[in-house]
Every structure is written in C-alpha cells, then in structure tokens.
There are 2 protein chains.
Amino acid sequence: MLVKSEQAITNADRTFFQLRKDIVEGVIPAGSKLSEMELSTKYEVSRAVIREAINRLATCHLVERKANVGARVVALSPEGLIQLYQVREALEGMAARLAARNMSDDEIADMQALLDSHFDKVKDGQSYYQEAGDVDFHYRIVTGSKNDHLISVLVDGLYHLVRMYRVQLGMAGPRVSTAFDEHRHIVNAIANRDEELAEMLMRRHILYSKNNIEKKLNNG
Amino acid sequence: MLVKSEQAITNADRTFFQLRKDIVEGVIPAGSKLSEMELSTKYEVSRAVIREAINRLATCHLVERKANVGARVVALSPEGLIQLYQVREALEGMAARLAARNMSDDEIADMQALLDSHFDKVKDGQSYYQEAGDVDFHYRIVTGSKNDHLISVLVDGLYHLVRMYRVQLGMAGPRVSTAFDEHRHIVNAIANRDEELAEMLMRRHILYSKNNIEKKLNNG
DNA sequence: AAAAATTATAATGTCGACAATATATGCCTG
DNA sequence: CAGGCATATATTGTCGACATTATAATTTTT
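Everything numeric here is computed off the predicted structure, so don't read it as measured data.

The rules behind the values
- Residues numbered from 1 in each chain as written.
- Chains lettered and ligands numbered in written order.
- Predicted model: local features only at pLDDT ≥ 70, side-chain atom pairs only at ≥ 80, totals over all residues.
- Heavy atoms only, no water.
- Least-squares fit on C-alpha atoms with pLDDT ≥ 70 in both.
- Contact = heavy atoms within 4.5 Å.
- Core = buried A, V, L, I, M, F, W, Y, C linked by side-chain atoms within 4.5 Å.
- Buried < 20%, exposed > 50% of the residue type's maximum accessible area, 1.4 Å probe, protein only.
- Near = heavy atom within 4 Å.
- Polar contact = N/O pair within 3.5 Å; in protein donor to acceptor, adjacent residues only side chain to side chain.
- Helix = DSSP H or I, 4+ residues; strand = E, 2+ residues; numbered from the N terminus.
- Axes fitted to C-alpha atoms, helices over the stretch in contact; angles between N-to-C directions.
- Left-handed = near helix turned anticlockwise from the far one by under 90°.
- Nonpolar A, V, L, I, M, F, W, Y, C, P; charged D, E, K, R; others polar.

Let's shift gears to the relation of the copies chain B and chain A. The relation between the two copies of this chain is a rotation about an axis and a shift parallel to it. With an RMSD of 0.0 Å, the fit of chain B onto chain A corresponds to turning through 180 degrees and sliding 0.0 Å along the axis. Here the two chains are linked by the operation of a two-fold rotation axis. For chain B, the smallest separation between a C-alpha atom and the rotation axis is recorded for B:Ala90, amounting to 2.6 Å. In this assembly the copies share their binding face: 100% of the residues contributing to the interface of chain B also contribute to that of chain A.

Structure (structure tokens):
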C-alpha cells in the first residue's frame, strides 16, 4: 500500500509516521491539541523527537502550530476539502501532461496492466478498487511526471490530507465504475502521447470527484 | 518587500529566516554542507534551534537532509528550474482562475492601481519593475485565489526557490515591458471575471518566462 | 459584585551533555 | 603493494533540565 519506500531510519521518523497515521485515521481527533509532554510519554520518546515530528506534520498541513501555544490537528471543513481538490486539479492535470511526455513505454505498459487487473476486480464486484486502486493509479501518474516538486507536494503533502478527509468523513463511496472508465481514458491519452488531452481528462476526472463529494456533503 | 507579515517570534524563527536569506542570496553556496555545530557557533544559538531551522528549510526544498549524515544546500540545475516553472504554470494558472472568481472588486481595483504605478516607473525607464513589481503582481493574484493550500505552496515554498535561482544565476534580465503587457491582460481578464481566460493567460505568461530563461541558460 | 491587576501554573522554547551512527585513518593480511 | 578490516574521530540523534511565555486562578480595587 505504501508505494514509495518511506523507511524510517530514526526515532523521529518512526514517530512522525505513527503520528501521521493516527491523525489521518482519526485516532487523534481533528481539531484536538497535541501536547508535547503527553505525546512523549505516550509514544515513549523524548520531547525533542515529538517536537521534530510535530514540525514535520505542520509542513504537511496536518497540524497547525502557534508559537508559545502549541499545535493542533487541523480542523476538517467543506471549504478545506474543496480547496484541496482545486489544487489537485491543477497539479495532477499538469502531472498527466508531463506523464504523457516523460513516461517510458514500459511504464505505460505497466500502468495499463495495472488497470486491467483493477478491471477484473471491479467486474467481480469487489469494492477493492476504490481505495487502493485509485491511489495506485494517481500515484503512478504523478511519479510518471518525473517532476520532483510535483511529486513531493502531492505525495508527501496533499495525498495524506485527502486520505484524512476520506477516512474521517467516510468517503468510501461509489463512483467506482465511472471513475474506472475515466482512468482508462486518461491512460489512453498518455499512451498516445497526447499531452493536451491527458491534462484535460485528468482535470475533469478530479473535478467530477469534487462535485461528487460536494453533493454528498450537502445531502448527508 | 516582504508582503506577508512573517514576523519572527522565536529564535528558531529568526534563525530560519536568516538562514533562508543567506541560502537564497548565495551567502551560503548552493550544494554546500550545513554543519549544525558550525552554524550554532556562527549564529550564536544552540544546536536545537539550528536543527529546527534546517528542518524547516528542508520542507521548503532549499536544503536536503540525510539521516545521520547531515544537510546540504540544494544544487541548482537547469532541469530543476524547468521543473519549478512547470509547477508554477499549473499552480498560478489555477490561482488566476480562482482570483477571477474570488477577488473582491476593491482588491481588483487595488491591483489595477498597482499596475498603473508600475507602468509609470517602466515608462520612466526605471528597471525597478523586474524584481519587486513582478513579485508583487504574482503575490497579489496568488493571495487573491483565497486558496490556503495554493498560497502556502507558492509563497512559503516555490517562490523562495525561484528567487534563489534568479539571484544566483543572475536572472535580473529583460522581458520587462513585454511582461508588463501580459500582466495587464491578466488583470483585465480577472476584472471581467473571465476565469478561463485568466488561467490561460497566466499559464502562457509563465511559459514565456520559462522559455526566456531556457534560452539564456543555453546561450550564456 | 464586576473588572482589572497579580500571582500561580503549566505548557512551549532553549540549552548543554550523552549516545548512536557514519566517515576517515591506519593497520593487517593476502 | 592492494584490498579489506578494525579503530578513531567527528557529526548527527536523543535526552533531561532550565528559561520563557501564555493561560488560569486568585486577589485587589472601584
């Protein structure tokens, strides 16, 4: 599930990953305060490594820190989610464009094979696709852009926030088969090296997701 | 010159700002190693605050850190600059679109006034425009998007890297009057609430800048 | 009694020392 | 003499204690 090998070397790494997981999955509730002392006893490390972990979380925008006051887990808001998707639209649209330019033929073939395997599972009625499959797909395109800044902002930053929203607002939801078709079209555009179309399709794909989520938020 | 009031509260803040300045302006050379001990004596603070500052710089992508080894200032490369401009194109294009949607009439009027004042200076042959004027313009549009993620990624992250490239590769350059016209067109589109056009013009504006820079790198 | 000022408390910010790791040096072996 | 291994050194990672700041409680004053 964790595609990029983010292996923890130091204690601060481990604590950072653990804290991030707990925040994304809601074990540590959104909006709650992060006490350095409390966490240092809970995770059995010194305050210094907790501080470092919290600082890293702050740069991911998973927590907000105020000087001499402390850090709080970010609060989830509909506007925040919308804004997230606006940035995703811009960034992943560009990623699709660059993927059409820079991915190797082999990488594209791999991605097509991945999509085929997903199709089999969707066909069998497995709801597996939604989470891991979607993540895989978007992740491949982003890395396929070969643009380090793009990769970093999305993979290290926004995706964790997106997952936090998904998990905590219970967006397991549908849009499985339709999203699958959209994925297929995007990959085709990339295979044809059609940058313009790849970007446009990706932007619309993300826009649809956003609209779908907005609808859910307003109804439920 | 510093539009957003990034006021330093703590020592770590001050050290972070100072280090960032020294790196961006090349006082600390690109690619050089950042020794914690050395810096702690030089800046007269403890290693802890140096570490925190370096960590923050790492998340701005101004330095790269390896566990148990240390941190180095990033190396400047033509590819890196190109990649930066690709991300800018995507992000600032979206910012222009959102600015056309979300800026208040007053904010737009202010921005037009700003452009007028810039025009006067360009007309008088002052080369003032290039640096501060360009920064001001882009900054206003980004903040006008009202999208916190967008603002943060650009203002806290990419812009400092862009400035580092500009300063250290000596991109004081021309493109003044033509860029000014492009700015004018973008503001007009925003004033007309034409999201589509605003985004397209901003993307082309940044693309032109990129091409201009590429040409310089290849020639000189 | 209400509001302001002051003290008390508890958190974050900062520091210097110790532990663990990576690199450099020198030694031993083939 | 070359290559690998062991040691030495220096740097980063981690820790607990102290300093400083913000918040809460208490007292004082109007």
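Bringing the nonpolar core into the picture now. Ranked by internal contacts, the top residues of the largest apolar core, which has 124 residues, are A:Leu91, A:Ile141, A:Ile190, B:Leu91, B:Ile141 and B:Ile190. Apart from residues lying up to four places away in sequence, A:Leu91 is in contact with A:Leu150, A:Val153, A:Leu154, A:Leu158, B:Val87, B:Ala90 and B:Leu91.

Now for the protein's contact with DNA strand D. Near DNA strand D, the surroundings consist of 21 residues, among which A:Thr10, A:Asn11, A:Ser46, B:Arg47 and B:Arg51 are the closest. Taking the atoms of DNA strand D that fall within 4 Å of the protein, sugar and phosphate contribute 70% of them. Taking A:Thr10, its side chain carries an N or O atom lying 2.4 Å from a phosphate oxygen of DNA strand D. Between DNA strand D and the protein, one listed contact pairs a base nitrogen with a side-chain N or O atom of B:Arg47 at 2.8 Å. Secondary structure elements with two or more residues in the surface near DNA strand D: helix 1 (11-24) and helix 3 (47-59) of chain A together with strand 1 (33-34), helix 2 (36-42) and helix 3 (47-59) of chain B.

Moving on: the packing of helix 4 (residues 78-102) of chain A against helix 4 (residues 78-102) of chain B. Helices that pack against each other are described as a pair by the angle of their axes relative to one another and the distance between those axes. Running from N to C, helix 4 of chain A and helix 4 of chain B point in directions that differ by 145 degrees, and their axes come no closer than 9 Å. The crossing of helix 4 of chain A and helix 4 of chain B is right-handed. Counted together, A:Gln86, A:Val87, A:Glu89, A:Ala90, A:Leu91, A:Met94, A:Leu98 and A:Arg101 of helix 4 of chain A and B:Gln86, B:Val87, B:Glu89, B:Ala90, B:Leu91, B:Met94, B:Leu98 and B:Arg101 of helix 4 of chain B form the full contact between these two elements. Its residues assigned to classes, the contact of helix 4 of chain A with helix 4 of chain B shows ten nonpolar, two polar and four charged.

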